[in-house]
Amino acid sequence: MSASSSPSGPGEAPAGHIAHEDRTRFILAISIAVIASSLGDIVLKQGMSQLHLPPLHSLAAAGSATGIALANPVIREGIGLMLVHFAAFVVALRLGPLSVVVPLRSVTYIFTTLMAHFMLGEQVSVVRWIAIMLILMGVSLIGRSAAPPNE
Amino acid sequence: MNNEYAVAMAFAILGSVAGDFLVKKAASRSQPKAPGGLMASPNSNSSAAGASQGISSVASTKSFQIRTRWLRLLQLIAGLTLLTLHFGGFLIALKLAPVTVTIPLMSCTYILTTMLGKIFLHEPINRTRWTGIGVIIIGVILLELSTRL
């Protein structure tokens, strides 16, 4: 960790500055976070598609449906991937500035959509692509607006 | 968008926003000041990183600390419960609609987070943020249209 003082607080990388030796680890953490997140979403979707759930007419039925889902091994793989994503994300937050990490989450929208198309065979129309691009840009804008002013 | 999907997404989105908020409150050492405070979640649909926001100067009386500790425990339990509801709704939503619809739709959590930050934490919302929210709203409308065309 760099020794420079900054208003970011303990445990966060100084604003806009990544120590040289941390840079590789940061890129690795970010990459793992993005891939694990997208892959996790895909696996969860696949698992849920395979399940035959009772008709969800009440909240109690929804609760038991969730219980059934959690017992499924594919769902558990998906949860595992989400945990990997969580861990990598926390590491990335410690190693790099917030203003880089948050917009990177927009990338997962593209990854997830591409994976869904090629791995799950989902049809993604042009309109939907445009919608996803807009949402992605919006999330990036929000992420940039959250950056500390001294970046 | 049928009723069951709408309910599932409501749980997923609201659960995520409220759950993240409570868990962060339970874990924080002082009031979060950075507008990025609620943005630093690993995912728009997973639990909070709980990063502490600096050194606090909390009063040191013992009863205050005990009360605070119980309050934080309550917040943590409530937050985790909400996050569980979020995940359940998310799973069901994943079954009911294509993942290319559900995942982008989860970006609505950013809109809610911003609104909550403004109302409860009195965070100022700069123009960039408003633009981002507007763009997301247009995207979500288009997304809804893409499911009908």
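Residues numbered from 1 in each chain as written. Chains lettered and ligands numbered in written order. Predicted model: local features only at pLDDT ≥ 70, side-chain atom pairs only at ≥ 80, totals over all residues. Heavy atoms only, no water.

Peer 1: Looking at this structure, I do not really get the overall build of chain B. What am I missing?
Peer 2: A count of helices and strands for chain B gives five helices and zero strands. Across chain B, the fraction of contacts at a sequence separation of at least 24, relative to all contacts at a separation of at least 6, is 77%. For chain B, the computed accessible surface area is about 7,400 Å², with 69% contributed by carbon and sulfur atoms. (Helix = DSSP H or I, 4+ residues; strand = E, 2+ residues; numbered from the N terminus. Contact = heavy atoms within 4.5 Å. Areas by Shrake-Rupley, 256 points an atom, 1.4 Å probe, with all protein chains shown as cover.)

Peer 1: Please explain the overall build of chain A as it appears in this structure.
Peer 2: Per the secondary structure count, chain A includes five helices and zero strands. When the helices and strands of chain A are read in sequence order from the N terminus, they spell out α-α-α-α-α. Taking the contacts inside chain A whose residues are at least 6 apart along the sequence as the reference set, 72% of them involve residues at least 24 apart. Carbon and sulfur atoms provide 68% of the accessible area of chain A, an area that totals close to 7,400 Å².

Peer 1: Hey, could you run me through the packing of aromatic side chains in this one?
Peer 2: We describe a pair of aromatic rings using the distance from one ring centre to the other and the angle between the two ring planes. Residue and element names in this part refer to chain B. Summed over all chains, the structure comprises one aromatic pair over all chains. Relative to Phe-90, the ring of Phe-87 lies with its centre 6.5 Å away and its plane at 35°, an arrangement referred to as tilted. One end of the pair, Phe-87, and the other, Phe-90, are both in helix H2 (residues 62-96), three residues apart, so they sit about a helical turn from each other. Each of the two residues, Phe-87 as well as Phe-90, counts as buried. (Phe/Tyr/Trp six-rings, centres within 6.5 Å; stacked < 30°, edge-to-face > 60°. Buried < 20%, exposed > 50% of the residue type's maximum accessible area, 1.4 Å probe, protein only.)

Peer 1: Is there a simple way to think about the nonpolar core in this case?
Peer 2: Considering soluble globular proteins, one finds that nonpolar side chains tend to be buried as a cluster. Of all hydrophobic cores here, the largest spans 43 residues; its most connected members are Leu-44, Met-48 and Tyr-109 of chain A together with Phe-90 of chain B. Counting residues in each nonpolar core, the second largest holds 13 residues, with Phe-26, Ala-33, Ala-88 and Ala-92 of chain A among its members. (Core = buried A, V, L, I, M, F, W, Y, C linked by side-chain atoms within 4.5 Å.)

Peer 1: I tried to follow the interface of chain B and chain A on my own but got confused; where do I start?
Peer 2: In this assembly, 49 residues from chain B lie in contact with 51 residues from chain A. Applying the counting rule to chain B against chain A returns zero salt bridges. Remark: the boundary between chain B and chain A carries seven residue pairs in polar contact (both at pLDDT 80 or more). At the level of secondary structure, the elements contributing two or more residues to the side of chain B that touches chain A comprise helix H1 (3-27), H2, helix H3 (99-105), helix H4 (108-120) and helix H5 (127-146) of chain B. Top contributing element to the side of chain B that touches chain A by residue count: H5 of chain B, with 13 residues. (Salt bridge = Lys/Arg side-chain N within 4 Å of Asp/Glu carboxyl O. Polar contact = N/O pair within 3.5 Å; in protein donor to acceptor, adjacent residues only side chain to side chain.)

Peer 1: Please explain the side chain of Thr-108 of chain A as it appears in this structure.
Peer 2: Residue and element names in this part refer to chain A. Relative to the helices and strands, Thr-108 resides in helix H4 (residues 98-120). Thr-108 gets classed as buried once you look at its relative accessible area, which sits at 9%. Apart from residues no more than four positions distant in its own chain, Thr-108 is found in contact with Val-34, Ser-37 and Ser-38.

Peer 1: For this particular structure, what's the right way to read a nonpolar patch on the surface?
Peer 2: A cluster of nonpolar side chains, contributed by Ile-66, Trp-70, Leu-73, Leu-76, Ile-77 and Leu-80 of chain B, occupies part of the molecular surface with about 570 Å² of accessible area. Following the sequence through the fold, Ile-77 of chain B ends up in helix H2. (Patch = residues over 30% accessible without salt bridge, like charges linked within 9 Å, V, L, I, M, F, W, Y side chains within 5 Å.)

Peer 1: Sorry if this is basic, but what is going on with the packing of H4 of chain B against H5 of chain B here?
Peer 2: Think of two packed helices as two axes; the pair is described by the angle between the axes and how far apart they sit. Residues and elements named next belong to chain B. Close contact between H4 and H5 brings their axes to 9 Å; oriented N to C, the two are set at 145°. Regarding H4 and H5, the two cross each other, and that crossing is left-handed. Residues Cys-108, Tyr-110, Ile-111, Thr-114 and Met-115 of H4 form the contact with H5, whose participating residues are Arg-129, Trp-130, Ile-133, Ile-136, Ile-137 and Val-140. Taken together, the residues of the contact of H4 with H5 sort by class into nine nonpolar, one polar and one charged. (Axes fitted to C-alpha atoms, helices over the stretch in contact; angles between N-to-C directions. Left-handed = near helix turned anticlockwise from the far one by under 90°. Nonpolar A, V, L, I, M, F, W, Y, C, P; charged D, E, K, R; others polar.)

Peer 1: How should I be thinking about the packing of H1 of chain B against H4 of chain B in this particular structure?
Peer 2: All names here are of chain B. Orientation of H1 relative to H4, taken along the N-to-C sense of each, is 40°, at an axis distance of 9 Å. Considered as vectors, H1 and H4 are oriented oblique to each other. By crossing handedness, the relation of H1 to H4 is classed as right-handed. Across from Ile-13, Leu-14, Ser-16 and Val-17 in H1, the residues of H4 making contact are Cys-108, Thr-109, Leu-112, Thr-113 and Leu-116. (Parallel < 35°, antiparallel > 145°, perpendicular 65-115°, else oblique.)

Peer 1: So what exactly am I meant to see when it comes to the confidence of the model for chain A here?
Peer 2: Residues and elements named next belong to chain A. On average, residues of chain A score 81 in pLDDT, and 81% of them reach the 70 mark or higher. Looking over chain A, one finds the lowest element-wise mean pLDDT in helix H2 (residues 59-71), namely 82, and the highest in helix H3 (residues 73-95), namely 91. Every residue in residues 1-9 scores below 50 in pLDDT, and together they form 12 contacts with partners more than four places removed in sequence or on other chains. (pLDDT = per-residue confidence, 0-100.)

Peer 1: Please explain H3 of chain A as it appears in this structure.
Peer 2: Spacing of three or four residues puts side chains on the same side of an α-helix, whose turn is 3.6 residues. Across its 23 residues, H3 of chain A extends 33 Å between first and last C-alpha, which sits within 8% of the 33 Å expected from 1.5 Å per residue. Put simply, Asn-72 of chain A is the residue that caps the front of H3 of chain A, since its side-chain oxygen is 2.7 Å from the backbone nitrogen of Val-74 of chain A. (Expected span 1.5 Å × (residues − 1).)

Peer 1: I'm lost on the environment of Gly-134 of chain B in this one. Help?
Peer 2: Residues and elements named next belong to chain B. Position of Gly-134 among the secondary structure elements: in helix H5. A residue is classified by how much of its surface remains accessible, and Gly-134, at 27% relative accessible area, is partly exposed. Considered as a pair, Gly-134 and Thr-102 are 32 residues apart in the sequence and their alpha carbons are 19 Å apart.

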